[in-house]
Amino acid sequence: MRNLVTGVKSPPSGRSGGLQKEKLSVKAMGFVKILLRTLFLLGMGYVMLYPILFALSGAFKARVDVYDPTVIWLPKHYSMEAMNLAMKSLKFWDALKQTLIILIPSVCLQMISTLMAGYAFARFKFRERGILFAGLIFTIIVPVQNLIVPLYANFQSFDMFGLGYLYSLFSGSSLPNLLNTPFPFYLMAAFGMGIRSGLYIFIMRQFFRNMPPELEEAALIDGCGSVRTFIRVMLPNVKPAIVTVLVFSVVWYWNDYYQAAMFLMDNQTLSVNLTTLNGMLDITAGNIGSLTSQDVMLLRDGVLECGCLLVMLPLLIMYILLQRQFTESIERTGIVG
Amino acid sequence: MSRKKSGVGRGMTFAARRAIAGRLFLLPWIIGFVYFFLIPFIQGIVYTLNKLSFTANGVALDFVGFANYKKLISDLDFLKVLANALIEMFPRVIIIVFFSLFVALILRGEYRGRTLARAVFFLPVIISSGVVITVLQENVMGTNLSGKESAYLFQAASFETLLSGIGLSDQMLAAFTDIINRLFDLSWKSGVQILLLLAAVNNIPRSHYEAAVIEGATEWEKFWKITFPTVSPTLLVTVIYTVIDSFTDYSNSVMRMIEEKLGLGYYEYSSTMAFVYFLCVLVIIGVVGGLISRKVFYQSE
């Protein structure tokens, strides 16, 4: 590919003198291109990293440095005061626990359901497939905000095709209330309606469609059933798609603030607590008592930056660990329309 | 295997058996689609025609006809925010899509440090699904409570001094600063789009370019005659994704308003807003998609 980006190989020309000149100019062109690309990448890299660097720089700044005009990036005095306040205001450990309780089972269930649905859409022919696929596209377009009030009502008195009614008959109580439990997340993930499940099913379908049909045919001729073919033959071959969707899924469950804010009440996830951090800071500071409003004002930015860092950090660590597989798998996924 | 032994699939053609297996694979999704999507979607539309109150036994509906819609039409705040959001969407989508295509073209191919470059460019996909970046921008960089305003305009400010040195007027300066700040914003919103387009660009067969070079095509011609048509299906997907993404984003002012109303307990009114907004966006997606898909070039045809 090199010649496509760094320069064009000169077309064959008759005279050797012209050829040499052309080669030289092509070389110079290539050099300019590399230079421009490097400059662009450096500049954009700065823009991309800027918020993180900015937050890092402010997070550990001591109070005395806030108004110091000579302090731009590196603080002169370091302090953990803002970090401690942020941890307290975010209720970091409780919120982290709650986030993980929701995230881990939901992501696993979502992976299973989207893989199955993607496989069905890609590899089986049946009459209703077309209309169901149109339904899938529709689920991608409709935002969850349109569904949230009915979903809220339905989870408050949960009766999925009479299942909740059966439960209430046996337990003798009214319809079960699933709000403030992780079950709304689990159920929606398990039935292919988790956060952005539609998009993942679409990605999976694209990927399954690109697999050679001979693979499946061979397995079927050898007497493998559909389920065994799926698990033994197809799944090991779609690893790149699985990595891509896994990373997306973790990221979006982690960053989801909307469904969590609706379905949960007292024990919130990290992202939700981040949206309310600004207000929570005043309450925490009030509880501590030793801080004046002047102190809080000086610390506010630092605390918010710490909050952002704390919420980003686990994802950043995951990204650094999975970065290579992720970028490579994405290039191979070939998500095209 | 197990199905064969239990006799379910006996006596059927292979195709019929496959069709049943396919439906079984899709069954969980179909249940979810009906119960967690279709029913709530219809309920949501019904809610817009009613007054809602939550009781211990569930939701109580009180039919009010089109009162919510009438209220919406006279709600100037909402209409203003809605109009602004819809108008802003166009330059936003165009800039994001072209920026993503540009970056994807730059990131493709082999060169030293490409792993690092890609890792950095995919960073927005990882962290900026909204909340973190919005909190950073609005609460920290945006407010000038503690003189941080200069930090928000950090890049622009240094540009500004540079440009005013050249002798540009204040209006031009403001325009420049705006563009630069916007670029910063948008580059953070184009992570997934870069990803989509990079995958598409990498799938273009090299032989196309080689043939073009032999025919004496310039870089400019190669872009418009090969790259652009080949990635056009993905461009369509990218445009639609960007529209959807920008109207569900945490920083979107209409969504904020809808959520605010919901938080205050105006359930039916917030449903109405969400439904109207959705219809607007659906129309936009329909028109834009329709226009673009005419120009889209499919290789297999």
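Owing to the predicted nature of the structure, the values given are computational and were not obtained by experimental measurement.

Chemist: Just checking my understanding: could you explain the overall build of chain A for this structure?
Modeler: A tally of regular secondary structure across chain A gives 16 helices and 0 strands. Scaling as 2.2 N^0.38, a compact globule of 337 residues should have a C-alpha radius of gyration of about 20 Å, whereas chain A reaches 27 Å, well beyond that. Considering only C-alpha atoms, chain A reaches an extent of 90 × 70 × 30 Å along its principal axes. In chain A, buried positions account for 40% of the 337 residues. Long-range pairs, those at least 24 residues apart, make up 70% of the contacts in chain A with a sequence separation of at least 6.

Chemist: Is there a simple way to think about the overall build of chain B in this case?
Modeler: For chain B, the count of helices and strands is 15 helices and 2 strands. Across the 301 residues that make up chain B, the buried fraction comes to 32%. Put simply, of all contacts in chain B between residues at least 6 apart along the chain, 70% involve residues at least 24 apart.

Chemist: Hey, could you run me through the interface of chain B and chain A in this one?
Modeler: Accessible area lost upon the coming together of the parts serves often as the stated size of an interface. Between chain B and chain A, the residue contacts involve 88 residues of the former and 82 residues of the latter. Looking at which element gives the most residues to the side of chain B that touches chain A, the answer is helix H2 (residues 14–47) of chain B, with 21 residues. Across the side of chain B that touches chain A, the residue classes break down as 58 nonpolar, 21 polar and 9 charged.

Chemist: Hey, could you run me through the environment of Phe 138 of chain A in this one?
Modeler: Residue and element names in this part refer to chain A. Here Phe 138 is to be found in helix H5 (residues 129–141). For Phe 138, a count of 15 C-beta atoms within 10 Å puts it in the partly exposed group. Expressed as a C-alpha distance, the spacing of Phe 138 and Glu 217, which sit 79 residues apart in the sequence, is 32 Å.

Chemist: Hey, could you run me through the packing of helix H13 (residues 219–248) of chain B against helix H15 (residues 267–295) of chain B in this one?
Modeler: When two helices pack together, their arrangement is given by the angle between the helix axes and by the axis-to-axis distance. All names here are of chain B. Where H13 meets H15, the closest approach of the two axes is 10 Å, and the angle between their N-to-C directions is 170°. Relative to H15, H13 is oriented roughly antiparallel. The residues of H15 that touch H13, namely those facing Ser 232, Leu 236, Val 239, Ile 240, Val 243 and Phe 247, are Val 281, Ile 284, Ile 285, Val 288, Gly 289, Ile 292, Ser 293 and Lys 295.

Chemist: So what exactly am I meant to see when it comes to the domain arrangement of chain A here?
Modeler: Domain assignment breaks chain A into domain 1 (2–50) and domain 2 (91–275). Placing a centre on the C-alpha atoms of domain 1 of chain A and another on those of domain 2 of chain A gives a separation of 47 Å.

Chemist: How should I be thinking about the environment of Leu 74 of chain A in this particular structure?
Modeler: All names here are of chain A. Among the secondary structure elements, Leu 74 is positioned in the loop between helix H2 (16–59) and helix H3 (81–90). Residue Leu 74 is classed as exposed on the basis of its 10 C-beta neighbours within 10 Å. Residues Leu 74 and Val 64, 10 residues apart in the sequence, show an inter-C-alpha distance of 13 Å.

Chemist: Teacher, can you tell me more about the nonpolar core here?
Modeler: For soluble globular proteins, nonpolar side chains are generally found buried alongside one another. Residue and element names in this part refer to chain A. By size, the foremost hydrophobic cluster in this structure holds 142 residues, and its most contacted members are Met 204 and Cys 308. Broken down by element, this core gets its largest block of residues, 12 residues, from helix H16 (residues 293–333). Contact partners of Met 204, with chain neighbours within four places excluded, come to Thr 114, Leu 115, Gly 118, Ala 241 and Val 245.

Chemist: Any chance you could explain the confidence of the model for chain B here in plain terms?
Modeler: Regions with low pLDDT should not have their predicted coordinates read in detail. All names here are of chain B. Confidence in the prediction of chain B, expressed as mean pLDDT, is 78, and 77% of residues score 70 or more. The secondary structure element of chain B with the lowest average pLDDT is helix H8 (residues 149–152), at 37, and the one with the highest is H2, at 91. Segment residues 1–6 is flagged for pLDDT under 50; beyond a separation of four residues in sequence, or across chains, it makes 8 contacts in the model. Note on residues 143–155: pLDDT under 50 across the span, and 20 contacts to partners over four residues away in sequence or across chains. For this predicted complex, the interface confidence score (ipTM) comes to 0.81, while the overall pTM stands at 0.80.

Chemist: Any chance you could explain the confidence of the model for chain A here in plain terms?
Modeler: Here chain A shows a mean pLDDT of 81. Residues at 70 or above account for 90%. Note on residues 1–14 of chain A: pLDDT is under 50 here. Beyond four places in sequence and across chains, it has 32 contacts.

Chemist: What am I meant to see in unusual backbone geometry here?
Modeler: Peptide bonds are mostly trans, and most non-glycine residues show a negative phi. Residues and elements named next belong to chain A. For Lys 91, which is not a glycine, the phi torsion comes out positive at approximately 50°. Among the secondary structure elements, Lys 91 is positioned in the loop between H3 and helix H4 (92–123). Despite not being glycine, Arg 196 shows a phi value in the positive range, around 60°. Counting through the fold element by element, Arg 196 comes out in the loop between helix H8 (183–190) and helix H9 (197–209). Assessed through the 21 C-beta atoms surrounding it within 10 Å, Arg 196 is described here as buried.

Chemist: Where do I start with the environment of Glu 259 of chain B in this structure?
Modeler: As for its position among the elements, Glu 259 of chain B is in helix H14 (residues 253–263). Given 21 C-beta atoms within a 10 Å radius, Glu 259 of chain B is considered buried.

What counts, and at which threshold
Residues numbered from 1 in each chain as written. Chains lettered and ligands numbered in written order. Predicted model: local features only at pLDDT ≥ 70, side-chain atom pairs only at ≥ 80, totals over all residues. Helix = DSSP H or I, 4+ residues; strand = E, 2+ residues; numbered from the N terminus. Rg over C-alpha atoms; globule rule 2.2 N^0.38 Å. Buried ≥ 20, exposed ≤ 12 C-beta atoms within 10 Å, placed from the backbone. Contact = placed C-beta atoms within 7 Å. Nonpolar A, V, L, I, M, F, W, Y, C, P; charged D, E, K, R; others polar. Axes fitted to C-alpha atoms, helices over the stretch in contact; angles between N-to-C directions. Parallel < 35°, antiparallel > 145°, perpendicular 65-115°, else oblique. Domains from an automatic or database assignment. Core = buried A, V, L, I, M, F, W, Y, C linked by C-beta atoms within 7 Å. pLDDT = per-residue confidence, 0-100.

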